[in-house]
Amino acid sequence: MQLFGTVTYDNNNHLRRFFSKYARFKKEIELDIEERLPSLLNTNSYKIKYAQKLMHNGIRIQEYKIVLTSTISCRVAFIHHENDIKVIYISDQITKQPYCEKLAKTELVG
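Residues numbered from 1 in each chain as written. Predicted model: local features only at pLDDT ≥ 70, side-chain atom pairs only at ≥ 80, totals over all residues. Heavy atoms only, no water.

Right, let's talk about the pattern of salt bridges for a bit. What the rule picks out here adds up to 6 salt bridges. Here Asp-92 ties to Lys-21 by a salt bridge, and the two come within 3.0 Å at their closest N and O atoms. Here Asp-92 is found in the loop between strand 5 (84–91) and helix 3 (96–104), whereas its partner Lys-21 is found in helix 1 (residues 13–21), with 71 residues between them in sequence. Given the relative accessible area of 30%, Asp-92 is considered partly exposed. Lys-21 sits in the exposed class, given a relative accessible area of 57%. Among the ionic pairs, Glu-63 bridges to Arg-75, the shortest N-O distance being 2.6 Å. Linking Glu-63 in strand 3 (residues 59–67) with Arg-75 in strand 4 (residues 73–81), this pair joins segments that are 12 residues apart in sequence. In this pair, the class of Glu-63 matches that of Arg-75, namely buried. Three or more residues joined by partner-sharing salt bridges are found here, namely Glu-63, Arg-75 and Lys-96. (Salt bridge = Lys/Arg side-chain N within 4 Å of Asp/Glu carboxyl O. Helix = DSSP H or I, 4+ residues; strand = E, 2+ residues; numbered from the N terminus. Buried < 20%, exposed > 50% of the residue type's maximum accessible area, 1.4 Å probe, protein only.)

A few words on the packing of aromatic side chains. One pass over the structure, following the stated rule, counts 5 aromatic pairs. When the ring of Tyr-9 is compared with that of Phe-19, the centres are 6.5 Å apart and the planes differ by 70°; the resulting orientation is edge-to-face. A residue pair is termed long-range when its members are at least 10 positions apart, and Tyr-9 in strand 1 (residues 7–9) and Phe-19 in helix 1 qualify at 10 residues. Looking at Tyr-9, the relative accessible area reads 26%, which means it is partly exposed. In this structure Phe-19 comes out as buried when scored by relative accessible area, which is 10%. Ring centres of Phe-18 and Tyr-22 lie 4.9 Å apart, and the angle between their planes is 35°; this geometry places the pair in the tilted category. Residues Phe-18 and Tyr-22 agree in their burial class; the two are buried. Linked through ring pairs, Tyr-9, Phe-18, Phe-19 and Tyr-22 together constitute an aromatic cluster. Lying across the ring of Phe-19, Lys-26 places its NZ or CZ 5.1 Å from the centre. Over the aromatic face of Tyr-50 sits the side chain of Arg-60, whose NZ or CZ is 3.8 Å from the ring centroid. (Phe/Tyr/Trp six-rings, centres within 6.5 Å; stacked < 30°, edge-to-face > 60°. Lys NZ or Arg CZ within 6 Å of the ring centre and 35° of its normal.)

Written out as structure tokens, the structure is:
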């Protein structure tokens, strides 16, 4: 079983804007990322997908969905390297194609 080390959050305006808009869900989202995401990665869950062929600092970006309420969900983009997870982008756009298109237009990809 692979274990994951630290979970960090990139210091960018995309994350700040998202958490400002969804401040009431911040703790719930962070808890899901810190507890559920490593478990999903450990089990090679089908819920973890690549965000097309997008890269961040030379590492392929992966993503997964968090369901917050019956009407609110979000997609979380992250990279993991040497057992560390770095969250780089979160959006309430949950349809994969438009989500990846929005992510691709950011300075995070390249």
